[in-house]
Amino acid sequence: MADLLSSGDPPLMDLLPARLSRRLLEAGVERRFGAGARIHGRGDEKPGLSIIREGEVRFSKTRRDGSETTLTTLSPGHTFGEATLFADMDRAYDAHAVGDTVIVQVGKARFDRILDDEPALARIFLAALTRRLYSALGFLDDLRTLPLPVRAAKLIAGMLHPAGDEAAAACRQSDLAFTLGVSRVSIGKALGALQDDGLIELGYGYITVPSVSRFGTWIRERSD
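Residues numbered from 1 in each chain as written. Predicted model: local features only at pLDDT ≥ 70, side-chain atom pairs only at ≥ 80, totals over all residues. Heavy atoms only, no water.

**Side note on the overall build of the protein chain**
On a plain count of helices and strands, the protein chain comes out with nine helices and 10 strands. For 224 residues, the compact-globule formula gives about 17 Å, and the C-alpha radius of gyration of the protein chain, at 18 Å, lands near that figure. With respect to the principal axes defined by its C-alpha atoms, the protein chain has extents near 55 × 40 × 30 Å. For the protein chain, buried positions account for 41% of its 224 residues. In the protein chain, the proportion of contacts linking residues at least 24 apart, taken out of those at least 6 apart, comes to 72%. Of the accessible surface of the protein chain, which amounts to about 11,600 Å², a share of 51% is contributed by carbon and sulfur atoms. Counting 29 positive and 30 negative side-chain charges, the protein chain places the averaged centre of each group 3 Å from the other. (Helix = DSSP H or I, 4+ residues; strand = E, 2+ residues; numbered from the N terminus. Rg over C-alpha atoms; globule rule 2.2 N^0.38 Å. Buried < 20%, exposed > 50% of the residue type's maximum accessible area, 1.4 Å probe, protein only. Contact = heavy atoms within 4.5 Å. Areas by Shrake-Rupley, 256 points an atom, 1.4 Å probe, with all protein chains shown as cover. Lys, Arg positive; Asp, Glu negative; His and termini not counted. Charge placed at Lys NZ, Arg CZ, Asp CG, Glu CD.)

Next up, the structure:
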C-alpha cells in the first residue's frame, strides 16, 4: 500500500489534539477535485502531506497491459504523502478523487517548521506509521499462513463501509486478486466459498456483507 496505507487504521487527524489539527490545516492550501480527477501520479516528485477533508481518494497502479488495479481507498481525516516527507521518496501510486473531494495540501517546508515546533506531532506520526508497519507485517504473515478465503475476508473487512450490521465494499475481483498475489480464478473460488457460506454477496464492482458481526466472528475464529 502507498505509504503503508490502510483504510482500517484510524484517521490521523482524529488522533491529533484540536490545536495541532487546526495548525496543520491552516498551514495547507485547500484544493478541490471533481470525481475521477487525478491528484497525483506514480513517480511524481511532490513532497508534502495531503489531508482529506471531504470525499475519498483512491490509490491505484497501472500495469504494463494498461489495466488499473485499486489498492486502497481513504476517507476524510486520513492523510497521505508521509513517505515523501520522512524518506524523500517519490509518489508510489496514482491517486484519484472518488466523487467531489477536498484535499488540504501542506508543503514540506511548512510541515517541517510545524514538526520542529511541535514534538507531540512527531510522536503521533511515529505511532501512526508504526501501526501501519505492523498492519503490513500482519498482512505478509497472513499471506504465508492463512487459507485464501480467510485472507480475502480480512482484506474485504478492511474496506467495509458499515450501515448498521450490514456493510459494503467497493472493489473488483481483479483488485483483490492483485493485492493478494493470486489468479482471478483462485480469488473467484475463494469469494464463491464465502458467498456459499452466506458471509458475503457478490455484486458488480462491490461486495456486500449481510452481517458484519458474523463476518468478524468467522474471521477471528480462523485467524488465531
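**Re the environment of Ser50**
Mapped onto the secondary structure, Ser50 falls in strand β3 (residues 48–62). Discounting chain neighbours no more than four positions away, the residues touching Ser50 are His78, Thr79, Phe80, Arg91, Ile103, Val104 and Gln105.

**Quick look at helix α6 (residues 148–157)**
Here α6 lies mainly inside the structure; seven of its 10 residues are buried. Residues of α6 that are buried: Leu148, Val150, Arg151, Ala152, Ala153, Leu155 and Ile156. Elements that come into contact with the buried residues of α6 comprise α5 (119–145), β8 (166–170), α7 (173–180), α8 (184–196), β10 (206–209) and α9 (212–223).

**Looking at the packing of α6 against α7**
Following both chains from N to C, one finds α6 and α7 inclined at 110°, their axes separated by 11 Å at the closest point. Classified by the angle between their axes, α6 and α7 sit roughly perpendicular to one another. Where α6 crosses over α7, the two elements pack in a sense that is right-handed. Facing α6, whose interface residues are Leu148, Arg151, Ala152, Leu155 and Ile156, α7 presents Leu176, Thr179 and Leu180. (Axes fitted to C-alpha atoms, helices over the stretch in contact; angles between N-to-C directions. Parallel < 35°, antiparallel > 145°, perpendicular 65-115°, else oblique. Left-handed = near helix turned anticlockwise from the far one by under 90°.)

**A few points about the packing of aromatic side chains**
This structure, assessed with the given rule, holds four aromatic pairs. Considering the side-chain rings of Phe86 and Phe111, the 5.9 Å spacing of their centres and the 75° angle between planes classify their relative orientation as edge-to-face. You can see Phe86 sitting in helix α3 (residues 82–86) and its partner Phe111 sitting in helix α4 (residues 108–117), a full 25 residues away along the chain. According to the relative accessible area criterion, Phe86 is partly exposed, its value standing at 41%. Aromatic side chains Phe86 and Phe125 sit 5.7 Å apart centroid to centroid with 65° between the ring planes, which places their arrangement in the edge-to-face category. With Phe86 in helix α3 and Phe125 in helix α5, the pair connects residues that are 39 residues apart, well separated along the chain. Here the aromatic residues Phe86, Phe111 and Phe125 are joined through ring pairs into a cluster of three or more. (Phe/Tyr/Trp six-rings, centres within 6.5 Å; stacked < 30°, edge-to-face > 60°.)

**Concerning the pairing of β3**
Looking at chain direction, β3 and strand β6 (residues 94–107) are connected through 11 bridges and run antiparallel. Within β6, the position partnered with Ser50 by the bridge is Gln105. Bridge analysis of β3 against strand β5 (residues 79–80) gives two bridges, and the strand direction is antiparallel. Of the residues in β5, the one forming a bridge with Ile51 is Thr79. Where β3 meets strand β4 (residues 68–74), six bridges bridge the pair, whose relative direction is antiparallel. Counted as the bridge partner of Thr62 is Glu68 from β4. Adjacent in sequence and paired antiparallel, β3 and β4 are bridged by five residues, among which Gly66 carries a positive phi angle near 90°. (Pairing = 2+ DSSP bridges.)

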